[in-house]
Amino acid sequence: MFLIKKNWKKWATAASLAALFAAPPAWADDLDAPQGVTDTEIRIGHLGPQTGPVAAYDKIRMGIQSYFNHVNENGGVKGRKLRLIAYDDQYQPGRTVQLTKRLVDEDKVYAMLGNVCTPCNVATRRFNERSGIPMLMTSSGSKQFVDPPIANYMGSSLANYEFEARVLTNYIATTLKAKRVVVAYQNDDYGSPLAEAAKEALKEYQDVELVGEVNFQAADSDLSTQAQRIRQADPDAILAFSTPAPAAQLKKALYNIGLSEPAFLVSSVGGDSETMFDLAGKEVWNGTISSAVLPKPDQSDDESIKQYIEQFGKDYPKVALADWGQTGWAAAEVLVEALRRSETLSWDDFLSAFDSFDNWTGSMYAGVSFSEHNHYGLTSMFITEAKDGHIVPISKPITFDPVTGQISGG
C-alpha cells in the first residue's frame, strides 16, 4: 500500500506539472470571474410579471431569451452559451425580494438584466447593492437607480421618467396648445414621481393650468369614477402615467362616457405597445400620444431590427413584433456588448467595460453612452401617436443631457 501511495504522489506531481505547463483552456483568462460563469455558460437572471394584470411585460423576457438564442446559435460569448433564468414576480415587490435572493444566492446568476417594475426594483435595491450583483438595463426609468451613479447599476431599458414627463408636458403646452390639463397616475413608486415631475414642469408655462388629478392602482379594472372626475375638471389634455392595463381601462372609461375630445397622452410604459389596441380596442386607443426609445420593426431597416424580426418571429411566432419584445432584445444587446468588451469576466472588469460606450450604435437604440458620471445609458426618445393599429413616430429624436439637464431636438 505504501508503494502505491508513494507512486500515486509521483504520478500526481507529474500530472500537476504537465497541467501547469500545458496550453491554457480558452476560458483561462476568465478564471477570476465570480458566480454564474463556467467554462460552458454564463447565467443571467431576470424578474418580471409573467402572469397577472401586467403580464404584457413578459415580452421583455421573451426578447431577452430570443437574443440569447441568436447569440448562442452564432457561437456564444467568449466561448460560452448564455443561459437565462427568469421567474414570475407578478409585479409584486414582496415576491421580487424573495426571487431576487433565490437568483443571487441559489441560482448564482452572474448578472440581472431588464428587471421589470419600479416598486419591485425599489424593494430589492439595498440587497442588490450589498451583493454587488451587476444590475443591467433595469426596466424602470426612475433616476434613483442611475443618478447619482450606483457602482453595480448600469442603464435603463426605458427613457428616464423625469425627462419623459418634461418632454410630454412640453408637447402639451407648445404643440397641442392645451390650456387645461389633468394629470392621472398610478399611485406607486412608478406613477407618483412622474406625476410630481409633470406638475412641476407645468409650472413653467404660465398659460397652462393644472385643473385636476386622479390616481389609481396597477390592478384596478374599473376606472369609471376617475373618468367622471376628469370630465368634471373639463380638461383639453389628459396626461397619464400608467402601466398598460390601467391605461387601457382609463381610456375605455373616458370613451364610454363620451369624453373623446381632450388629447390623451400616456407615458411609454403604458403606451409604447401595439398590444394597447387589443387591451383598449382599436377605435378607443387611436389618437393616443406617447413616447418611445425604439423604432418599430416596420419603420427601420437597421441590421439589428432585421435580426430581431427573423429570430423573434421564429421563437415566438404568435407574439407581435412591435412590442415589449424589442425592449428585452435591445437590453440584451447592451449586456452582450459589455461582455465582449470586458477584459475578463470579473465583475470589476465587466462593469468598467460600460465606460467605453460612447454613443454606441450597435443595438436597436439610437445610441448608448455610459461614463463614470453617466449611468443612464439611454438619453434619447421621440413622440409617437397611435394610428390605425400602429404606433408611429410624430417627432424627431429628443435628447436629454443627464449632466446639464438640458433637453434638445424634437
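So, how was this worked out
- Residues numbered from 1 in each chain as written.
- Predicted model: local features only at pLDDT ≥ 70, side-chain atom pairs only at ≥ 80, totals over all residues.
- Heavy atoms only, no water.
- Helix = DSSP H or I, 4+ residues; strand = E, 2+ residues; numbered from the N terminus.
- Buried < 20%, exposed > 50% of the residue type's maximum accessible area, 1.4 Å probe, protein only.
- Contact = heavy atoms within 4.5 Å.
- Disulfide = S-S within 2.5 Å.
- pLDDT = per-residue confidence, 0-100.
- Pairing = 2+ DSSP bridges.
- Right-handed = clockwise from strand over helix to strand, strands pointing away.
- Axes fitted to C-alpha atoms, helices over the stretch in contact; angles between N-to-C directions.

1. Brief notes about the side chain of threonine 100
Part 1: Along the chain, threonine 100 falls in helix 3 (residues 93-106).
Part 2: The class for threonine 100 is buried, based on a relative accessible area of 1%.
Part 3: When residues no more than four places from it in sequence are discounted, the contact partners of threonine 100 are Leu47, Met112, Thr124, Phe127 and Asn128.

2. A word on the state of the cysteines
Part 1: Applying the stated rule across the entire model yields one disulfide.
Part 2: The disulfide bridge from cysteine 117 ends at cysteine 120, spanning 2.3 Å between sulfur atoms. The chirality of the disulfide connecting cysteine 117 with cysteine 120 is right-handed, given an S-S dihedral of about 75 degrees. Each of the two residues, cysteine 117 as well as cysteine 120, counts as buried.

3. Let's talk about the confidence of the model for the protein chain
Part 1: Looking at the protein chain, the pLDDT average stands at 90 and 92% of residues meet or exceed 70.
Part 2: Every residue in residues 1-29 scores below 50 in pLDDT, and together they form four contacts with partners more than four places removed in sequence or on other chains.

4. Observations concerning the pairing of strand 1 (residues 41-48)
Part 1: Of all eight residues that make up strand 1, eight are buried, and the element is covered over most of its length.
Part 2: Of the two faces of strand 1, the one carrying Glu41, Arg43, Gly45 and Leu47 and the one carrying Ile42, Ile44, His46 and Gly48 are both buried.
Part 3: Summarising the sheet, strand 1 and strand 2 (residues 81-88) pair through eight bridges and their orientation is parallel. Paired with leucine 47 across the strands is tyrosine 87, a residue of strand 2.
Part 4: In this fold, strand 1 hands off to helix 2 (residues 58-73), which returns the chain to strand 2; that crossover is right-handed.

5. Looking at the pairing of strand 12 (residues 374-377)
Part 1: Judged by which residues are buried, strand 12 turns out to be covered on both faces: Asn374 and Tyr376 on one side and His375 and Gly377 on the other are all buried.
Part 2: Two elements, strand 11 (residues 369-371) and strand 12, share two bridges in a ladder whose sense is antiparallel. Bridge pairing in strand 12 links serine 371 to asparagine 374.
Part 3: Connecting the antiparallel pair strand 11 and strand 12 is a turn made up of two residues.

6. Comments concerning unusual backbone geometry
Part 1: The amide bond that connects aspartate 147 to the next residue, proline 148, takes the cis arrangement and shows omega of 0 degrees.
Part 2: Mapped onto the fold, proline 148 is located in the loop between strand 4 (135-138) and strand 5 (153-156).
Part 3: We note that glutamine 90 has phi near 55 degrees; this positive angle belongs to a residue other than glycine.
Part 4: Assignment of secondary structure puts glutamine 90 in the loop between strand 2 and helix 3.

7. Observations regarding the sheet that holds strand 5
Part 1: Read from one edge to the other, the open sheet built from five strands follows the order 2-1-3-4-5, with strand pairing classed as parallel. Both edges of this open sheet fall to strand 2 and strand 5, since each of them pairs with a single strand only. Across this sheet, the average inter-strand angle for adjacent strands is 20 degrees, counted without regard to direction.
Part 2: Relative to strand 5, helix 4 (residues 118-131) is tilted by about 150 degrees, and along the sheet it contacts strand 4 and strand 5.

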